[in-house]
Amino acid sequence: MAGTVDVVTPADQEGTEAVVLRWFKRVGETVTQHEPLLELETDKVTVEVAAPASGTLLEVLRKETESVEPGAILGRIAPGAVTAQRAQAVTDRPAATRKEAADDGLLSPAVRRLLTEHGLQANQISGTGKDGRITALDVTKYIETRSAPRSAPPMSAPREPTRETPRNRASDTPAPARAAREPAAESPVGRAFASRHVAHSPIRRRIATHMVASMSAAPHVSTLFETDMTRVSAHRKRHAAEFEARGAKLTFTAYFVAAAVKALQAVPEVNSTFHADSLEVFGDANIGVGTALGNEGLIVPVIHRAQTLDLFGIAARLNELVTAARDGKLSPDAVRGGTFTISNHGVSGSLLAAPIVINQPQIAIMGVGKIERRPIVLQLDGADAVVVRPMCYLTLTIDHRALDAFQANAFLSTVVNTLQTWPED
């Protein structure tokens, strides 16, 4: 349309399916260039789209909940002068308003949506996230607690029997009269709780599509190994405080990423993508780490070029990505370009998960189970001995079009050896 400025899907959303989450402005309202205009939610992140020009919002072409294809025109602005007062308001709001915006900025899009849907205020809920931030899981638990049926009051003690005349006894009342006064026993069906439908979020819909597509495209095969985490546990115990002082929490996941880097270098075919006519093997180990978002689903931020990082660098980058993921503040680049994925399902108590669905177009995914102390048999001084060690199950699920058991077992053998021989310093 001549004389108007199009609002389009950002360039960094190319190739990523998105849904319009909400418009901050209505048709006819004044907008200022660079002011947040609407919010898009992809299967991976939520991003704001800024006004490309100052003027009046003339049209909204894609409404909330509508899917947006790459390069779509979302709306149109009729350009025009904006008063200096209006332009200044965008960057210099009153202190109270700025504080409200800052507080709201601590809430992820998923949390804001849950609060709105259930008519809640953020100050009603205690946050368990970083710096007391409210997570989607906090809101869900609050809703469940609030809606849980109250426990029945305690039964009163039976009263002492009293003497009564025959005319007052219930047995002397005619049966039809008693039936009229006494309610019929409630049917078990009548006591059943009604079901409800919970609409799928864009993330959940995209996860469903992605998982089905992966299972359809690739024949999944899993191999299982076990590793002794004694040396890693000792190293972590010695260095956790030092890492914390330098600004990075040292988690076991950082060790698994480091071990995976060595294994990808030893068996480079695992770090690849399958094509009809070739196997594309990547030079960089861009390792994605599955991060749970409570009921909202799962996201996989990527540690790019992990082979260039030492253990501290891996731990620091991992902390940044996981925190941003749970706060809903990951950038689009942070979830792109992964060549291999780790699913640390053990953090929630799982011992074994197989097969773990491959994150296409990758060809393998490593599963890490819970670390627990178990009795194992070792040879000590030439004799078998039963000892208790911190043990962990590792799986590698592969795309059998691209890899065979030989590469899968060689990969996990390297991971296990790296963890079991971790240096003491």
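Now for a quick tour of the structure. (Residues numbered from 1 in each chain as written. Predicted model: local features only at pLDDT ≥ 70, side-chain atom pairs only at ≥ 80, totals over all residues. Heavy atoms only, no water.)

Topic: the overall build of the chain
When you go through the chain residue by residue, the secondary structure sums to 11 helices and 19 strands. Considering the chain as a whole, with its 425 residues, one finds that 38% of them fall into the buried category. Long-range pairs, those at least 24 residues apart, make up 64% of the contacts in the chain with a sequence separation of at least 6. When the accessible surface of the chain is totalled, it reaches about 24300 Å², and 54% of it is carbon and sulfur. (Helix = DSSP H or I, 4+ residues; strand = E, 2+ residues; numbered from the N terminus. Buried < 20%, exposed > 50% of the residue type's maximum accessible area, 1.4 Å probe, protein only. Contact = heavy atoms within 4.5 Å. Areas by Shrake-Rupley, 256 points an atom, 1.4 Å probe, with all protein chains shown as cover.)

Considerations on the sheet that holds strand β6 (residues 55–60)
Sheet architecture is open: 4 strands sit in the order β1-β8-β6-β3, paired in antiparallel fashion. Of all the strands in the sheet, just β1 (5–8) and β3 (30–31) have a single pairing partner and so form its edges. (Pairing = 2+ DSSP bridges.)

Structural notes on helix α10 (residues 311–326)
With 16 residues, α10 extends 22 Å from end C-alpha to end C-alpha; this agrees with the ideal 22 Å at 1.5 Å per step. Those residues of α10 that fall on the buried side of the exposure criterion are Leu-311, Phe-312, Gly-313, Ile-314, Ala-315, Ala-316, Leu-318, Leu-321, Val-322, Ala-324 and Ala-325. The secondary structure elements touched by the buried residues of α10 are α8 (230–245), α9 (252–266), β12 (287–289), β13 (291–292), β14 (298–299) and β15 (302–303). (Expected span 1.5 Å × (residues − 1).)

Brief notes about helix α11 (residues 405–420)
Here α11 contains 16 residues, and its C-alpha end-to-end distance of 22 Å stays within 8% of the 22 Å for a straight helix at 1.5 Å per residue. Regarding α11, the residues found buried are Gln-407, Ala-408, Phe-411, Leu-412, Val-415, Val-416, Thr-418 and Leu-419. One side of α11 carries all its buried residues, which in axial view fall inside an arc of 170°. In this fold, the buried residues of α11 make contact with β9 (220–228), α8, α9, β16 (340–343), β17 (364–368) and β19 (383–399). (Arc of directions from axis to C-beta.)

Details of the packing of aromatic side chains
Under the criterion given, the structure shown has 3 aromatic pairs. Ring centres of Phe-340 and Phe-411 lie 5.3 Å apart, and the angle between their planes is 50°; this geometry places the pair in the tilted category. Here Phe-340 is found in strand β16, whereas its partner Phe-411 is found in helix α11, with 71 residues between them in sequence. Note that Arg-236 overlies the ring of Phe-252, its terminal NZ or CZ placed 4.5 Å from the centroid. Over the ring of Tyr-393 we find Arg-374; its NZ or CZ atom is 4.2 Å from the centre of that ring. (Phe/Tyr/Trp six-rings, centres within 6.5 Å; stacked < 30°, edge-to-face > 60°. Lys NZ or Arg CZ within 6 Å of the ring centre and 35° of its normal.)

Structural notes on unusual backbone geometry
A cis geometry characterises the amide bond from Ala-354 onward to Pro-355, with omega recorded as -5°. With respect to the secondary-structure elements, Pro-355 resides in the loop between β16 and β17. Here the bond from Gln-360 into Pro-361 is cis, since omega is 5°, no more than 30 degrees from zero. Inspection of the secondary structure assignment puts Pro-361 in the loop between β16 and β17. Even without glycine at this site, His-34 takes up a positive phi of about 75°. With respect to the helices and strands, His-34 occurs in the loop between β3 and β4 (36–42). At Asp-381, a residue that is not glycine, the phi angle is positive and equals roughly 55°.

Here we look at the sheet that holds β4
Overall, antiparallel pairing links the 4 strands, which are arranged β5-β4-β2-β7 in an open sheet. The strands lining the two open edges of the sheet, one partner per strand, are β5 (46–50) and β7 (67–68). As judged from the 5 bridges shared by β4 and β5, these two strands associate in the antiparallel manner. Within β5, the residue paired with Leu-38 across the bridge is Val-49.

Things to note about the pattern of salt bridges
Summed over all chains, the structure comprises 14 salt bridges. Notably, a salt bridge pairs Arg-62 with Glu-69, separated by 2.7 Å at the nearest N-O pair. Look at Glu-69 and you get partly exposed, because its relative accessible area is 40%. Taking the shortest distance from any N to any O, the salt bridge between Arg-305 and Asp-284 comes out at 3.4 Å. Here Arg-305, found in the loop between β15 and α10, pairs with Asp-284, found in the loop between β11 (279–281) and β12; they are 21 residues apart in sequence, far enough to count as distant. Judged by its relative accessible area of 29%, Asp-284 is partly exposed. Three or more residues joined by partner-sharing salt bridges are found here, namely Asp-6, Glu-59 and Arg-76. (Salt bridge = Lys/Arg side-chain N within 4 Å of Asp/Glu carboxyl O.)

As for the pairing of β16
Bridging between β12 and β16 involves 3 bridges; their strand directions are parallel. Within the sheet, the bridge partner assigned to Val-289 lies in β16 and is Ile-342. Pairing geometry for β16 and β17, over 3 bridges, is parallel. Across the sheet, residue Thr-341 finds its bridge partner in β17, namely Ile-365.

Here we look at the side chain of Thr-227
For Thr-227, the location among the structural elements is in strand β9. Excluding residues within four positions of it along the chain, Thr-227 makes contact with Pro-390, Met-391, Cys-392, Leu-394, Val-416, Leu-419 and Gln-420.

Digging into the side chain of Arg-374
Structurally, the position occupied by Arg-374 is in strand β18 (residues 372–380). The class of Arg-374 is buried, set by a relative accessible area of 11%. The residues touching Arg-374, leaving out its near neighbours within four places in the chain, are Glu-226, Leu-351, Val-387, Val-388, Arg-389, Met-391, Cys-392 and Tyr-393.

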